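# Structure at a glance
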Amino acid sequence: MIRLDNISLSYGSRTILRDVSLHLSAGELCALIGRNGAGKSTLLRALTSHRKTLINGTSLADLAPEKLSESVAIVTTERIRIENLRVEELVALGRAPYTNWTGRLQDIDREIVAEAIAMVGMSDFTGRDTSSLSDGELQRVMIARAIAQQTPIILLDEPTAFLDIPTRFEVCRLLADLAHHSGKCILFSTHDVDAALPVCDTFAIIDNGTLCKLPTQEAAAEIERIFR
Amino acid sequence: MRSRTTILTIMLALLCVVLFVADIAVGSVTIPLADIVSALMGRGPAEVRSIVVDIRLVRAVVAVLAGAALSVSGLQMQVLFRNPLAGPYVLGVSAGASLGVALFVLGVPLLGIVLSPALQSIGTAGAAWIGSAVVLMAVVALSRRIKDIMVMLILGIMLSSGVSAVVEIMQYFSSEAALKSYVVWTMGSLGDVTAAQLALLAPVIIVGLAMGVAAIKPMNTLLAGERYAASMGLNISRSRMLILTSTTLLAGTITAFCGPVGFVGIAVPHIARMLFRSADHRTLLPATVLTGVVMLLLGDIVAKYFTLPINTITALMGIPIVIYIVMRRR
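Analysis parameters
- Residues numbered from 1 in each chain as written.
- Chains lettered and ligands numbered in written order.
- Predicted model: local features only at pLDDT ≥ 70, side-chain atom pairs only at ≥ 80, totals over all residues.
- Helix = DSSP H or I, 4+ residues; strand = E, 2+ residues; numbered from the N terminus.
- Rg over C-alpha atoms; globule rule 2.2 N^0.38 Å.
- Contact = placed C-beta atoms within 7 Å.
- Domains from an automatic or database assignment.
- Nonpolar A, V, L, I, M, F, W, Y, C, P; charged D, E, K, R; others polar.
- Buried ≥ 20, exposed ≤ 12 C-beta atoms within 10 Å, placed from the backbone.
- Core = buried A, V, L, I, M, F, W, Y, C linked by C-beta atoms within 7 Å.
- Pairing = 2+ DSSP bridges.
- Axes fitted to C-alpha atoms, helices over the stretch in contact; angles between N-to-C directions.
- Left-handed = near helix turned anticlockwise from the far one by under 90°.
- Parallel < 35°, antiparallel > 145°, perpendicular 65-115°, else oblique.
- Expected span 1.5 Å × (residues − 1).
- Bend = angle between axes of the 7 residues up to and from the residue.

### Thoughts on the overall build of chain B
- Helix and strand content of chain B: 14 helices and 0 strands.
- Computed over C-alpha atoms, the radius of gyration of chain B comes to 20 Å, within 12% of the 20 Å expected from 2.2 N^0.38 for 330 residues, which places it in the range of a compact globule.
- With the C-alpha coordinates aligned to their principal axes, the bounding extent of chain B is approximately 65 × 55 × 35 Å.
- Of the contacts made within chain B by residues no fewer than 6 positions apart, 80% connect residues no fewer than 24 positions apart.

In structure tokens form, the structure reads like this:
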């Protein structure tokens, strides 16, 4: 579904990932872990910008931005709190690739938005101003925005950061539902190994500029060996 | 929510019409409504027709265009820079236009060149466009490195002060006539625009506003930031260019013809957001246009009544809004 083969990535003048490869399939939930500054965000960024990224066999170099927006949705670490922007309006931004030049929503778009909000358990928050939401609520809304974009691939940068412990587990379970019941290919960077271990199919571990992807059972031991 | 938007839109549109007529009526001689209508229909005494059609109608139309243009340019800059305190005046874009105009108005006579009034008008507008475009490019380049809102504003103030210093040096070497025309321009006036100048100003503002309409979806998508916008298929560089060109045409042209009119661009989008309780630019763009038109017509009526420069009135109207925004963010 999405793959990178033998690429090196730099941050500024520093090469942080050397000759790494990553292959992810439909219905797979993969946690990307590594120390601060190891290159998790850089790798996630490369998956939507590096020419050598292949999405369903097509290189990003040959994929128009509009087509990419129908294939990959992202959730960044940024908290989007905008006064007077309601929950459903923020989620509806995810419909941008499918709307006309004014961004006018059709009935089908409204249905998809309502469904996405329901999937993240935020239906009761419809009509609420996004500037009044907690971090956890906002994170769910941002995930709903990615769901509304209806892409087969979702990439999330630290979706559990700054959340309380129960909400971290809830977000991880939500991602697992999306991968295992909706068949989406999901990669998310995290430091919450405890919340990710029970739900993820695979772990992509970055250490010392190298990347290895392992099934969860094997990953647990490797994480123990590397990080503890 | 939709009914609230509709009611507010109708009320503001009606207020615009009332203020437009009031703006024509108010002046050194107050003209009754019936006489205004007669004059507009080509009837009545020639001197009243001349005052209404040649002077006050032109001035009122300029107020409408200036209100719409400055407000929309402020709205665009606030979205583009993701900065609630952005506006053509505070980020130094008006200062850039001022520098362009100063170089043209003060510089051309220094070179011994005498221009016809038509060339003078076009040259002033062109100089303001170039000046504002250059400053906008500089601000965009800086904003890519500096994310702090306050630092950007301080840089805007520094830019304005730098421009003032350069202009002052030019003033020192300028002739009295050139100096006077520049100083009068800096005071800001909606009444100095002639019908011939309006014929140049109006189409440019309409093009700028049309580009603003074309940028509605990009502006909505950019609410979430450039990275999200790009992930939703938005061509960032093309959209940024569209918005910047529109802003330059709108703010640069008004500054060229009416002088630096401050605090409309920064304050009006916030008034529109508060009134319409919306962040959707399909609602906000027309709301901002109507609110801006109301503010400028109101400002012009007060300016005429007390014989004051328009930018002092807009400053007094806009500054409390800016203070409110700053205090609320703390």
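### Things to note about the overall build of chain A
- The secondary structure content of chain A amounts to 8 helices and 10 strands.
- At 17 Å, chain A has a C-alpha radius of gyration in line with the 17 Å of a compact globule built from 228 residues.
- Considering only C-alpha atoms, chain A reaches an extent of 50 × 40 × 35 Å along its principal axes.
- Looking at chain A alone, contacts between residues at least 24 apart form 68% of all its contacts between residues at least 6 apart.

### A short note on the domain arrangement of chain A
All names here are of chain A.
- When the domains of chain A are assigned, the result is domain 1 (1–71 + 152–228) and domain 2 (79–150).
- The C-alpha-based centres of domain 1 and domain 2 are spaced at 24 Å.
- Listing elements by their share of the side of domain 1 that touches domain 2, those giving two or more residues are α2 (65–69) and α6 (165–182).
- Tallying contributions element by element places α6 first for the side of domain 1 that touches domain 2, with 4 residues.
- For the side of domain 1 that touches domain 2, a count of residues per class yields 7 nonpolar, 2 polar and 3 charged.

### Regarding the environment of F203(A)
Residue and element names in this part refer to chain A.
- When you line up the elements, F203 lands in strand β9 (residues 202–207).
- The class of F203 is buried, set by 23 C-beta atoms lying within 10 Å.
- Distance from F203 to E222, taken between C-alpha atoms, is 9.9 Å for residues 19 residues apart in sequence.
- The residues touching F203, leaving out its near neighbours within four places in the chain, are C30, A31, I33, L214, T216 and A219.

### Describing the nonpolar core
- Counting residues in hydrophobic clusters, the biggest one holds 170 residues, and the most contacted among them are C30(A), V91(A), A144(A), I186(A), A66(B) and A69(B).
- Take this core: its biggest share by element is 16 residues, from helix α3 (residues 46–80) of chain B.
- Residue-level mapping places this core at the junction of two domains, with at least three residues from each of domain 1 (1–71 + 152–228) and domain 2 (79–150) of chain A.
- Here A66(B) is in contact with L190(B), I254(B), C258(B), V261(B) and L296(B), once residues within four sequence places are set aside.

### Side note on the interface of chain B and chain A
- On the chain A side, the residues contacting the 19 residues of chain B number 22 residues.
- Looking at the side of chain B that touches chain A, the elements that each hand over two or more residues are α9 (216–222) and α10 (226–231) of chain B.
- In terms of residues, the side of chain B that touches chain A owes the most to one element, α9(B), which gives 4 residues.
- Residues belonging to the side of chain B that touches chain A are distributed by class as follows: 6 nonpolar, 7 polar and 6 charged.

### Let's talk about the sheet that holds strand β8 (residues 185–189) of chain A
Residue and element names in this part refer to chain A.
- Reading across from one edge, β6-β7-β8-β3-β9-β10 is the order of the 6 strands in this open sheet, with mixed pairing throughout. The open sheet is flanked by β6 (72–75) and β10 (210–215), the only strands paired with a single partner. Ignoring strand direction, the axes of neighbouring strands in this sheet form an average angle of 15°.
- Across 4 bridges, strand β3 (residues 29–33) lies against β9 in parallel orientation. Counted as the bridge partner of L32 is A204 from β9.
- Strand contacts of helix α1 (residues 40–49): β3, β6, β7 (153–157), β8 and β9, with the helix running at about 150° to β7, the strand carrying the most contacts.
- In this fold helix α5 (residues 135–148) packs onto β6 and β7, with an angle of close to 170° to the strand it touches most, β6.

### Focus on the packing of α3(B) against helix α11 (residues 236–258) of chain B
Residues and elements named next belong to chain B.
- The interhelical angle for the contact between α3 and α11, taken along N-to-C directions, is 145°, at an axis separation of 9 Å. When the axes of α3 and α11 are compared, the crossing they make is left-handed. Contact residues: V62, A66, A69, L70, V72, S73, Q76, M77 and L80 in α3; R240, I243, S246, T247, L250, A251, T253, I254 and C258 in α11.
- Grouping the amino acids of the contact of α3 with α11 by side-chain chemistry returns 12 nonpolar, 5 polar and 1 charged.

### As for the packing of helix α4 (residues 107–119) of chain A against α5(A)
Residue and element names in this part refer to chain A.
- At a minimum axis distance of 8 Å, the contact between α4 and α5 shows a crossing angle of 135°. Taken together, the axes of α4 and α5 lie oblique to each other. In terms of crossing hand, the pair formed by α4 and α5 is right-handed. Residues I112, V113, A116, I117 and M119 of α4 form the contact with α5, whose participating residues are A144, I147 and A148.
- A class-by-class count of the residues in the contact of α4 with α5 yields 8 nonpolar, no polar and no charged.

### Some points on α3(B)
Residues and elements named next belong to chain B.
- The terminal C-alpha atoms of α3 lie 49 Å apart, and with 35 residues this matches the ideal 51 Å at 1.5 Å per residue to within 8%.
- Within α3, the axis deviates most sharply at R56, by approximately 35°.
- Looking one or two places after α3, you find R82, whose phi comes out positive at around 50°.

### Examining the sheet that holds strand β1 (residues 2–11) of chain A
Residues and elements named next belong to chain A.
- The strand order across the open sheet formed by 4 strands is β2-β1-β4-β5, and the pairing between neighbours is antiparallel. With one partner strand each, in any of the chains shown, β2 (14–24) and β5 (58–59) form the two edges of the open sheet.
- Each of β1 and β2 is contacted by α1, which is oriented at about 125° to β1, the strand it contacts most.

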